[in-house]
Amino acid sequence: MNKGFVGVIKRFVAGIVIGIGGIIPGVSGGILAVSMGIYKPMLDAIGCFFKNIKKNFLFLIPIAIGGAVGVLSMSKLVEITLEKYEMFVMYLFIGLVAGGIPGILKTANSRTGFKPKYLIASICGALFIGALALCERLLINGKSLPFNVWTAILGGGLISVGTVIPGVSTSFILIFLGLYKPMLSCFNTFVDFKLIFTMLSGDAAARDAWLNSFLMLLFVALGLAVVALALILFVRRLFNKHHEYAHYAVLGFLITSAILIFPGFERSFMQLIYTALLAGGFFIAYFIDRFIANGE
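As a convention, each chain's residues are numbered from 1 in the sequence order in which they are written. Confidence filtering applies because this is a predicted model: local features only for residues at pLDDT of at least 70, side-chain atom pairs given and counted only at 80 or more, and all residues used for totals across whole chains, interfaces and linings. Hydrogen atoms and water are omitted, and side-chain values are computed over all heavy atoms in the structure.

Describe the overall build of the protein chain, with residues and values.
Think of it this way: any DSSP run of H or I at least four residues long counts as a helix, any run of E at least two long counts as a strand, and we number them from the N terminus. The helix and strand inventory of the protein chain stands at 14 helices and 0 strands. Order of helices (α) and strands (β) in the protein chain, N terminus to C terminus: α-α-α-α-α-α-α-α-α-α-α-α-α-α. Burial classes follow relative accessibility: with a 1.4 Å probe on protein chains only, a residue under 20% of its type's maximum area counts as buried, one over 50% as exposed, and anything between as partly exposed. The buried share of the protein chain, reckoned over its 296 residues, is 45%. Note on contacts: a residue pair is in contact if any heavy atoms of the two residues lie within 4.5 Å. In the protein chain, the proportion of contacts linking residues at least 24 apart, taken out of those at least 6 apart, comes to 81%. For the area figures, the Shrake-Rupley method with a 1.4 Å probe applies, and any residue is considered shielded solely by the protein chains shown. Carbon and sulfur atoms make up 73% of the accessible area of the protein chain, which amounts to about 15300 Å² in all.

Here it is as structure tokens:
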């Protein structure tokens, strides 16, 4: 990821995409980061943050701001869109994920070239995601949990898993647990400017609603931070010591995740629109990856 103003803009845009992808069910924020060539540098900057605080802070802050912009600008829209246009969203984001495959393969083969034995890691990655999906359906069984302090911490931890481990989308787990909608609603309440204005005008009910959302989000952030830090140290070590196998495992994660969330085909005119969104997502991700790579 290159330096200077262009590099800042690229990381900011990457942060927006990761932020949006992080709140879409079935989409992994980590895999989008990999798709845009920013995943490994992020791990290094966070894992070695205190070795060069200024450099790592300047690298991460555009990503963090972009992520916040992505979530803030799209959370309400995502909440509404997923209810009314789920097929459109899923096709677009499957295309975005697929568009990152060429970049992942290029990075995976950059040191030693392709070797058939690396495909073992892809198979293991695919089996891991498949087993995770099977466990979701067999163990969770659609039961909803109450949204409280402990489940907020649990939800934050699950979000961090989907963010740090490429290809692992934990949004479906949150949905099955009944935590996804309460968490998204809580966030939208927190950033509801109309509610904030009403609260500042002295409305007690608005104040209580906002403060409750704020406190619950703090516990979500706590779970996210604790689990993410532990995972980052492990995953960073894995990518440094087993570069090729780690990337091919990610490829297995990615392909299997896309298959599992694929909404299917329709024999209608709408399928043309879905296919166009799929292709559009692919080319957007591909050209973002090329844009970033050309600046390195």
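Let's pick the thread back up.
Could you give an account of the environment of Gly252, naming the residues involved and the relevant values?
With respect to the element layout, Gly252 can be found in helix α13 (residues 243–261). For Gly252, a relative accessible area of 5% translates into the label buried. Expressed as a C-alpha distance, the spacing of Gly252 and Ala126, which sit 126 residues apart in the sequence, is 4.6 Å. The residues contacting Gly252, other than those within four sequence positions of it, are Ser122, Gly125 and Ala126.

So what's going on with the packing of aromatic side chains? Which residues, and what values?
Classification of ring pairs uses Phe, Tyr and Trp, with its six-membered ring standing for Trp, and accepts pairs whose centres are within 6.5 Å; under 30 degrees between planes counts as stacked, over 60 as edge-to-face, and the remaining range as tilted. The final tally for this structure, using the stated rule, is 9 aromatic pairs. Their ring planes at 50 degrees and their centres at 6.0 Å tell us that Phe114 and Tyr248 sit as a pair that is tilted. In this pair, Phe114 is assigned in the loop between α6 (101–108) and α7 (119–140) and Tyr248 in helix α13, connecting sequence segments 134 residues apart. Residue classification places Tyr248 among the buried positions, given a relative accessible area of 2%.

Describe the nonpolar core, and please don't skip the residues or the numbers.
Put simply, a nonpolar core is a bunch of buried Ala, Val, Leu, Ile, Met, Phe, Trp, Tyr and Cys residues held in one set by side-chain atoms that sit within 4.5 Å of each other. The biggest cluster of nonpolar side chains holds 40 residues, and the ones touching the most others in it are Leu32, Ile38, Tyr39, Met42, Phe59, Val164 and Val235. Element by element, the count of residues in this core is highest for α13, at 7 residues. Once residues lying within four places of it in the same chain are set aside, the contact partners of Met42 are Ile18, Ala33, Phe59, Leu60 and Ile63.

Any chance you could break down the packing of helix α12 (residues 204–241) against α13 for me, citing the residues and the numbers?
When two helices pack together, you describe them by how their axes are tilted relative to each other and by the distance separating the axes. The angle between two axes is taken between their N-to-C directions and runs from 0 to 180 degrees, where each axis is a line fitted to C-alpha atoms and a helix contributes only its stretch in contact. Where α12 meets α13, the closest approach of the two axes is 5 Å, and the angle between their N-to-C directions is 120 degrees. Here α13 runs oblique to α12, going by the angle between their axes. Contacts between α12 and α13 pair Leu238, Phe239 and Lys241 from the former with His243, Ala246, His247 and Val250 from the latter. Working definition: roughly parallel below 35 degrees, roughly antiparallel above 145 degrees, roughly perpendicular at 65 to 115 degrees, and oblique for all remaining angles.

Describe in detail the environment of Met270, supporting the description with residues and values.
Counting through the fold element by element, Met270 comes out in helix α14 (residues 270–294). Separated by 182 residues in the primary sequence, Met270 and Phe88 place their C-alpha atoms 9.6 Å from one another.

Which residues make up the environment of Val17, and what values go with them?
Following the sequence through the fold, Val17 ends up in helix α1 (residues 4–22). You can call Val17 buried: its relative accessible area is 19%. Expressed as a C-alpha distance, the spacing of Val17 and Gly29, which sit 12 residues apart in the sequence, is 8.3 Å. Discounting residues that sit within four places of it in the chain, Val17 has contacts with Leu32 and Met36.

If you had to explain a nonpolar patch on the surface to someone new, which residues and values would you point to?
A surface patch of nonpolar side chains, about 650 Å² in accessible area, is lined by Phe50, Ile53, Phe57, Leu58, Ile61, Ile65 and Val69. Along the chain, Phe50 falls in the loop between α3 (39–47) and α4 (53–84). Residue classification places Phe50 among the exposed positions, given a relative accessible area of 70%. The patches described consist of residues with a relative accessible area above 30% and no salt bridge, like charges being joined within 9 Å and nonpolar side chains (Val, Leu, Ile, Met, Phe, Trp, Tyr) within 5 Å. A side-chain nitrogen of Lys or Arg and a carboxyl oxygen of Asp or Glu constitute a salt bridge if their distance falls within 4 Å.

Before we move on, could you go through the pattern of salt bridges and cite the residues and values that matter?
With the rule as written, the count across this model stands at 1 salt bridge. Put simply, Asp208 and Arg207 hold a salt bridge, and the shortest N to O gap is 3.5 Å.

Quick one: what's the story with the packing of helix α11 (residues 193–200) against α12, residue by residue and with numbers?
Where α11 meets α12, the closest approach of the two axes is 7 Å, and the angle between their N-to-C directions is 125 degrees. On the basis of their axis angle, the class for α11 and α12 is oblique. Seen from above, α11 lies across α12 with left-handed handedness. Between α11, through Leu195, Ile196, Thr198 and Met199, and α12, the contact on the second element is made entirely by Ala206, Arg207, Ala209 and Trp210. Here the residues of the contact of α11 with α12 sort into 6 nonpolar, 1 polar and 1 charged. In this scheme the crossing of two helices becomes right-handed for a clockwise turn of the near helix relative to the far one and left-handed for an anticlockwise turn of less than a right angle. Residue type decides the class: Asp, Glu, Lys and Arg count as charged, Ala, Val, Leu, Ile, Met, Phe, Trp, Tyr, Cys and Pro as nonpolar, and the leftover types, Gly among them, as polar.

Please set out α12 residue by residue, giving values where relevant.
Given a rise of 1.5 Å per residue, 38 residues ought to cover 56 Å, and the 55 Å separating the end C-alpha atoms of α12 matches this to within 8%. Those residues of α12 that fall on the buried side of the exposure criterion are Ala206, Trp210, Ser213, Met216, Leu217, Val220, Gly223, Ala228, Leu231, Ile232, Val235 and Phe239. Against the buried residues of α12 lie α3, α8 (149–164), α10 (180–190), α11 and α13. Sitting at the amino-terminal end of α12 is Asp203, which places a side-chain oxygen 3.0 Å from the backbone nitrogen of Ala205. Working rule for helices: expected span equals 1.5 Å times residues minus one. Identification of polar contacts relies on pairs of N or O atoms within 3.5 Å, with a donor-acceptor requirement for protein atoms, meaning one able to donate a hydrogen and the other able to accept it, and with residues adjacent in sequence counted only if both atoms are side-chain atoms.

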